[in-house]
Amino acid sequence: ATSTHEWLCTTRNQPLRGATLTSELTRDQFADFFLNVLRDQAHAEVAVLNRGAVQGREIFPLRGGITALNLEAALPFEDRLYVGRVKGSVLRALATSTRAGRFYLRGIVVDDGTVKINGRTVDDAAEYTVVTTGFVVDGGEGGLGDGAGELPIWGDRGPREVFRAWLEQPHTGDITALPSDPARHTRWNFRATLDGQFTLTYIAPPTDYDSPQLTRTDTTQFRFESQFR
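**Structural notes on the overall build of the chain**
For step 1, the next point in the chain: Check the secondary structure of the chain and you find six helices and 11 strands.
For step 2, the next point in the chain: By the compact-globule yardstick of 17 Å for 229 residues, the chain is too spread out, its C-alpha radius of gyration being 28 Å.
For step 3, the next point in the chain: The principal-axis extents of the C-alpha atoms in the chain amount to approximately 115 × 35 × 35 Å.
For step 4, the next point in the chain: In the chain, buried positions account for 36% of the 229 residues.
For step 5, the next point in the chain: Considering only residue pairs separated by 6 or more positions, the chain has 78% of its internal contacts joining residues 24 or more positions apart.
For step 6, the next point in the chain: Looking at the chain as shown, the accessible area adds up to about 13,700 Å², and 50% of this sits on carbon and sulfur atoms.
For step 7, the next point in the chain: The centroid of the 25 positive side-chain charges in the chain is displaced by 4 Å from the centroid of its 29 negative side-chain charges.

**Describing helix H4 (residues 88-95)**
For step 1, the next point in the chain: Along H4, the positions that sit buried rather than exposed are Gly88, Val90, Leu91, Leu94 and Ala95. Along the axis of H4, the buried residues cluster in a sector spanning 160°; they form a single face.
For step 2, the next point in the chain: The inward-facing, buried residues of H4 contact strand S2 (46-50), strand S4 (81-87), strand S5 (103-106), strand S6 (108-111), strand S7 (114-117) and strand S9 (127-133).

**Topic: the packing of aromatic side chains**
For step 1, the next point in the chain: Under the counting rule described, the total for this entry stands at eight aromatic pairs.
For step 2, the next point in the chain: Taking the centre distance of 6.5 Å and the plane angle of 10° together, the rings of Trp188 and Phe190 count as stacked. Neither Trp188 nor Phe190 differs from the other in exposure class; each is exposed.
For step 3, the next point in the chain: For the cation-ring pair, Arg51 lies above Tyr104, with the distance from its terminal atom to the ring centre recorded as 4.2 Å.

The rules we used
- Residues numbered from 1 in each chain as written.
- Predicted model: local features only at pLDDT ≥ 70, side-chain atom pairs only at ≥ 80, totals over all residues.
- Heavy atoms only, no water.
- Helix = DSSP H or I, 4+ residues; strand = E, 2+ residues; numbered from the N terminus.
- Rg over C-alpha atoms; globule rule 2.2 N^0.38 Å.
- Buried < 20%, exposed > 50% of the residue type's maximum accessible area, 1.4 Å probe, protein only.
- Contact = heavy atoms within 4.5 Å.
- Areas by Shrake-Rupley, 256 points an atom, 1.4 Å probe, with all protein chains shown as cover.
- Lys, Arg positive; Asp, Glu negative; His and termini not counted.
- Charge placed at Lys NZ, Arg CZ, Asp CG, Glu CD.
- Arc of directions from axis to C-beta.
- Phe/Tyr/Trp six-rings, centres within 6.5 Å; stacked < 30°, edge-to-face > 60°.
- Lys NZ or Arg CZ within 6 Å of the ring centre and 35° of its normal.

Written out as structure tokens, the structure is:
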């Protein structure tokens, strides 16, 4: 036990190169920071993680820096990352459900009864990129909910490994504010419409009236209108 303790302190308990903290980090703040990094790396708008995935309550709050040993204590479970498109209606249902408290949700909040994704009111018909874990995809704590569909596996590293790789890169300043925030991104909405019309006028015999005002011919008309915004 003594030799193992010394080995861990020597090899695993030094702050990672880009993991210096400017202030204390509570367990919930750690989880938010972790999910922000996952969103940044996966280019996702929303991150979903079951609260039970973050352990090690005895190590919080973290001070000075984040070590490899901290990561293994706080994120002890092996898993895979999944990234895919999920409809706004599904995310709205998750955020307003009674089981929402079982998850850490980043990028989606309920503000005075209004569900917002990165500061904008959720569009039920739109699709948002979501990053989550295999535990959630497989239905853990109820999963993302009905209609979420199948999300593909993203990358070849687990959540903890992706987080550690980010923390091993040199960073300065408040590292918790460095991951890209989708709320600051420009959102592009494209709409396209196509309208078509077919008109056929058939004049039944007889058509050979003496008066030119009564003379009519068969006609065929096509009309198409398109709009792109």
